[in-house]
There are 2 protein chains.
Amino acid sequence: MRSQLHHPDRREISLDKVLHALSDPIRRDIARVMHAEGSRTCGQLDYPIAKSTLSHHLKVLRESGVMHTEVRGTTRIITLRRDDLEARFPGLLDAVRVTRPAADGEPVGAEGARRGPCPPAARSAR
Amino acid sequence: MRSQLHHPDRREISLDKVLHALSDPIRRDIARVMHAEGSRTCGQLDYPIAKSTLSHHLKVLRESGVMHTEVRGTTRIITLRRDDLEARFPGLLDAVRVTRPAADGEPVGAEGARRGPCPPAARSAR
DNA sequence: TTCAAGGTTCTACGATCATAGAACATCGAG
DNA sequence: CTCGATGTTCTATGATCGTAGAACCTTGAA
């Protein structure tokens, strides 16, 4: 089956939806990790939330145009749609600290989030 | 009475709240009009929403740190906290098209919003 | 003091959201 | 085929949101 997921075209990406997607600290942190460490599978993301909740967040990110999801076998590779977002809303990813460190008081990601800062080859046993 | 409203300190302005505040098209448009035309009173804003709804939006904008409200007599002067936002999240106002025109397919403000592009001295009868 | 103007607060309502558990679907390995 | 791994979808729940009407508050003017 062509289980190709739906992604909005670049021109269809709406600022409303993108801002809403990025107003959640977990989702913003997912985007930040994607930028910092490249593509990942969903399972490599490590947050203190249920699997179904993470799946929901990834769906919000995908449908808003922030992330791209590629089905590969049983896993899914998610990537930040940096070029599309940069073309559509220049400077936005930088301003919301997805592609730039915070350097102020505010933490970059979710306060309670625990992302796995492991390189993509160091995760066989968990 | 010192009916001075509470505004968050610059360092207290949270990206979560700012992004949430700006994810609403009406609120984003209010911020845009404030930047384009300077300070206004609430009554000079002209949207197809109830007074109480507008008041709610202004409260969200104020409590998130996007706007400043100054009580002057029976009216309130609202202004964009541009310097604070620029210091805290450089480039954000520009990226979300508050301080820059859109130039793309997407309209700048709310689709159904009807802001009054009138100069501050041309509104006596409505 | 009385009154109108400008806004807020209270209350309510339907919609959406973040969350999670359970069941289900899909793929690769044995 | 069977089984485990990887995620999604379904369903539900409590919280929050955008909206609006009604009452209320504050100020300035008559």
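See the structure above.
Here the structure is a predicted model, which means the values were calculated and not measured.

**Focus: the protein's contact with DNA strand C**
- Taken together, 20 residues are adjacent to DNA strand C, and A:Arg27, A:Ala50, A:His57, B:Lys51 and B:Ser55 come closest.
- The contact in question runs from a base nitrogen of DNA strand C to an N or O atom on the side chain of A:Ser52, over 3.0 Å.
- The side chain of B:Ser55 places a nitrogen or oxygen atom 2.5 Å from a phosphate oxygen of DNA strand C.
- Contributions of two or more residues to the surface near DNA strand C are made by helix 3 (51-64) of chain A together with helix 3 (51-64) and strand 3 (75-80) of chain B.
- Its residues assigned to classes, the surface near DNA strand C shows four nonpolar, 13 polar and three charged.

**Quick notes on the pattern of salt bridges**
- Under the defined criterion, the tally for this structure stands at 16 salt bridges over all chains.
- Notably, a salt bridge pairs B:Arg72 with B:Glu70, separated by 3.3 Å at the nearest N-O pair.
- You can call B:Glu70 partly exposed: its relative accessible area is 33%.
- In this structure, B:Asp84 engages B:Arg81 in a salt bridge whose closest nitrogen and oxygen atoms are separated by 2.9 Å. In this structure, B:Asp84 and B:Arg81 share a single accessibility class: buried.
- Overlapping salt bridges bring together A:Arg10, A:Arg81 and A:Asp84 as one network.

**Comments concerning unusual backbone geometry**
- With a phi close to 65 degrees, A:Arg97 is a non-glycine residue in the positive phi region.
- With respect to the helices and strands, A:Arg97 occurs in the segment after helix 5 (92-95).

**Topic: the protein's contact with DNA strand D**
- The local shell around DNA strand D holds 21 residues, among which A:Gly43, A:Lys51, A:Ser55, B:Arg27 and B:His57 are the closest.
- Per the 4 Å cut-off to the protein, sugar and phosphate atoms form 64% of the nearby atoms of DNA strand D.
- Taking B:His57, its side chain carries an N or O atom lying 2.4 Å from a phosphate oxygen of DNA strand D.
- Among the secondary structure elements, those contributing two or more residues to the surface near DNA strand D are helix 3 and strand 3 (75-80) of chain A together with helix 3 of chain B.
- Here the surface near DNA strand D takes four residues from helix 3 of chain B, the largest share from any one element.
- Considered class by class, the residues forming the surface near DNA strand D number four nonpolar, 13 polar and four charged.

**Topic: the relation of the copies chain B and chain A**
- Mapping chain B onto chain A calls for a screw motion: a turn of 180 degrees about the axis and a shift of 0.0 Å along it, with 0.0 Å RMSD after fitting. Both copies of the chain, as the preceding transformation shows, are related through a two-fold rotation axis.
- Most of the interface of chain B is mirrored in chain A, where 100% of its interface residues again form contacts.

**Quick look at the interface of chain B and chain A**
- Opposite the 21 residues of chain B that make contact, chain A presents 21 residues.
- With both sides pooled, the region where chain B packs onto chain A buries about 1800 Å², and carbon together with sulfur makes up 50% of that total.
- Here chain B and chain A share two salt bridges between them.
- Between A:Asp16 and B:Arg28 there is a salt bridge whose closest N-O contact spans 2.6 Å.
- Here chain B and chain A share four residue pairs in polar contact (both at pLDDT 80 or more) between them.

**What to know about the packing of helix 1 (residues 15-22) of chain B against helix 3 of chain B**
Residue and element names in this part refer to chain B.
- Between helix 1 and helix 3, the shortest axis-to-axis distance is 9 Å and the interhelical angle comes to 155 degrees. On the basis of their axis angle, the class for helix 1 and helix 3 is roughly antiparallel. Here the hand of the crossing between helix 1 and helix 3 comes out left-handed. Each of Lys17, Val18 and Ala21 in helix 1 lies in contact with helix 3, whose residues at this interface are Val60, Leu61 and Ser64.
- Split into classes, the residues belonging to the contact of helix 1 with helix 3 amount to four nonpolar, one polar and one charged.

**Describing the sheet that holds strand 2 (residues 67-72) of chain B**
Residues and elements named next belong to chain B.
- Reading across the sheet, the three strands line up as 1-3-2 and stay open at both edges, with antiparallel pairing between neighbours. Each edge of the sheet is formed by a strand with only one pairing partner; in this case those strands are strand 1 (40-41) and strand 2.
- Relative to strand 3, strand 2 runs antiparallel, the two sharing six bridges. Bridge pairing in strand 3 places Val71 opposite Arg76.
- Taken strand by strand, helix 2 (residues 25-37) contacts strand 1, strand 2 and strand 3, and its axis lies near 85 degrees from that of strand 3.

Cut-offs and rules
- Residue numbers run consecutively from 1 along every chain, following the written order of its sequence.
- Following the order in which they are written, the chains are lettered starting with A and the ligands numbered starting with 1.
- Given that the model is predicted, a residue must reach a pLDDT of at least 70 before its local features are reported, and side-chain atom pairs must reach 80 or more before they are shown or counted; all residues, however, enter totals for whole chains, interfaces and linings.
- Hydrogens and waters are ignored; side-chain quantities use all the structure's heavy atoms.
- Note on definitions. A residue lies near a molecule or strand when any single heavy atom of the residue is within 4 Å of it.
- Each polar contact in these results corresponds to two N or O atoms within 3.5 Å; when the atoms are within protein, one needs to be able to donate a hydrogen and the other to accept it, and residues that are neighboring in sequence are counted only if both atoms are side-chain atoms.
- The numbering of helices and of strands both runs from the N terminus, where a helix is a DSSP run of H or I of at least 4 residues and a strand a run of E of at least 2.
- Charged means Asp, Glu, Lys or Arg here, nonpolar means Ala, Val, Leu, Ile, Met, Phe, Trp, Tyr, Cys or Pro, and polar covers whatever is left, Gly included.
- Salt bridges, as used here, are contacts in which a Lys or Arg side-chain nitrogen is within 4 Å of a carboxyl oxygen on Asp or Glu.
- Burial status follows relative accessibility: with a 1.4 Å probe on protein chains alone, a residue under 20% of its type maximum counts as buried, one over 50% as exposed, and anything between as partly exposed.
- Our superposition of the copies is a least-squares fit, built on the C-alpha atoms of residues whose pLDDT is at least 70 in both.
- Any two residues whose heavy atoms approach within 4.5 Å are treated as being in contact.
- A quick way to say it: buried area is the sum, across both parts, of accessible area lost when two parts are put together, with a 1.4 Å probe.
- The axes used here are C-alpha line fits, helices contributing only the stretch in contact, and every angle between their N-to-C directions lies in the interval 0 to 180 degrees.
- In what follows, roughly perpendicular refers to angles from 65 to 115 degrees, roughly parallel to angles under 35, roughly antiparallel to angles over 145, and oblique to any angle outside these ranges.
- What makes a crossing left-handed is the near helix being turned counterclockwise from the far one by less than a right angle; a clockwise turn instead makes it right-handed.
- If DSSP finds at least two bridges between two strands, the strands pair.

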